[in-house]
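What follows is the residue order along each chain.
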Amino acid sequence: MADLFSRGEYPQTRLRRSRQHDWSRRMVRENCLSVDDLIWPLFVCEGDNSREKIPSMPGVERLSIDLLVEAVGEAVALGIPAVALFPATDSKLKTEECLEAVNPENLICRAVHAVKVAHGDKIGVICDVALDPYSSHGQDGLVRDGQVVNDETLEMLCRQATVQAEAGCDVIAPSDMMDGRVGKIRQALDEANFQNVQIMAYAAKYASAFYGPFRDAVGSSKNLGGGDKRTYQMNPANAAEALREVALDIAEGADSVMVKPGMPYLDIVRQVKETFAVPTFAYQVSGEYAMLCAAAEQGWLDRNAVMLESLTAFKRAGADGVLTYFALDAAKWLRET
Ligand code: PBG
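Residues numbered from 1 in each chain as written. Predicted model: local features only at pLDDT ≥ 70, side-chain atom pairs only at ≥ 80, totals over all residues. Heavy atoms only, no water.

Caption draft 1: Spatial organisation of the packing of aromatic side chains. Per the stated rule, a full pass over the model turns up 9 aromatic pairs. Through successive ring pairs, a cluster of aromatic residues spans Phe43, Phe86, Tyr202, Phe214, Tyr283, Tyr289, Tyr325 and Phe326. Stacked on the ring of Tyr211, the Lys or Arg Lys205 has its end atom at 5.5 Å from the ring centre. (Phe/Tyr/Trp six-rings, centres within 6.5 Å; stacked < 30°, edge-to-face > 60°. Lys NZ or Arg CZ within 6 Å of the ring centre and 35° of its normal.)

This is the structure in structure tokens:
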């Protein structure tokens, strides 16, 4: 390294020289955002022709299945490769045992089916596997004596993954952070003849305060109350542990891994990509989106500029793609330029 940097010195070397012209800046550009890097998370609700605003996520709405199908059509037209669907389950269906999660006729299964009927293989559909949209306590797993229990939860997650695959889901994304879930889900999918359904593991998912607006969107924040997810999601102070999580998920059969949240964890994205060289995704989560939008609404930041800069930063960190609520806007911008 020392040699590398002693090669050129001012005034022979002027890094500003290659920054003088647009063509030259383009020529030396190292990373480029493309529409293929974008995964669009969407929220689905019951109803017909109905859309509900989510106050903490300006510009994002819960959509009934018919409108969801239309929205996914926009993504298809722009060339977005995949969408991630999340259900806002009726609170009356949320219980301790989370049985709605494994109901083949639940909202998410109907939504996946409708999207696949309308758009087929033109776009991939990703579904979370975790119990929080269905639990009366807002936790991702089953609760016994006040504890989120691991092994009993795994059985539910396997059933949840299977009904979602039956509905037509292309990629199962376990976001629950239970130990051993990727291996168990892989086995359950294979046994049900879904060898080709992929697993994108939320491998390094942190117990983050940046998920607040998402919990508003799926209606789990009230249920969670003062609770937190620190007995299963990772401590934001840890990095080496993220590599162990990723190693386990790959060994258990994950096709791709994810780091979440995104912007505050780009160091983890970089380490995961360099260490494992597997498809590595990052989730620019609801709180990151809300932060940028709120500042833009105040006129303090330029929405478009921070959107593109933040998404490009994921690429620079080594991500192969980003789950982002900006996906549609970013894809439109990329198409125009
Ligand atoms: C559910 C889940 C969460 C997110 C994705 N899947 C919330 C959580 O773990 O509490 C967060 C996404 C976001 O904030 O945009 N397990």
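Next comes the rest of the description.
Caption draft 2: Structural detail: the environment of Leu42. Considering the arrangement of structural elements, one finds Leu42 in strand β1 (residues 38–45). Here Leu42 falls in the buried class, since its relative accessible area comes to 4%. C-alpha separation for the pair Leu42 and Val83, spaced 41 residues apart in sequence, amounts to 7.1 Å. Setting aside anything within four residues of it in sequence, one finds Leu42 in contact with Leu63, Leu68, Ala71, Val72, Val83, Ala84, Leu85 and Phe86. (Helix = DSSP H or I, 4+ residues; strand = E, 2+ residues; numbered from the N terminus. Buried < 20%, exposed > 50% of the residue type's maximum accessible area, 1.4 Å probe, protein only. Contact = heavy atoms within 4.5 Å.)

Caption draft 3: Molecular detail of helix α3 (residues 65–78). Between its terminal C-alpha atoms α3 stretches 20 Å, which fits the 20 Å expected from 14 residues at 1.5 Å a residue. Within the sequence span of α3, burial applies to Ile65, Leu67, Leu68, Val69, Ala71, Val72, Ala75 and Leu78. Buried residues along α3 sit against β1, β2 (51–53), β3 (61–64), β4 (82–87), α4 (107–119) and α13 (327–336). Count one or two residues on from α3 and you reach Gly79, which has phi positive near 90 degrees. (Expected span 1.5 Å × (residues − 1).)

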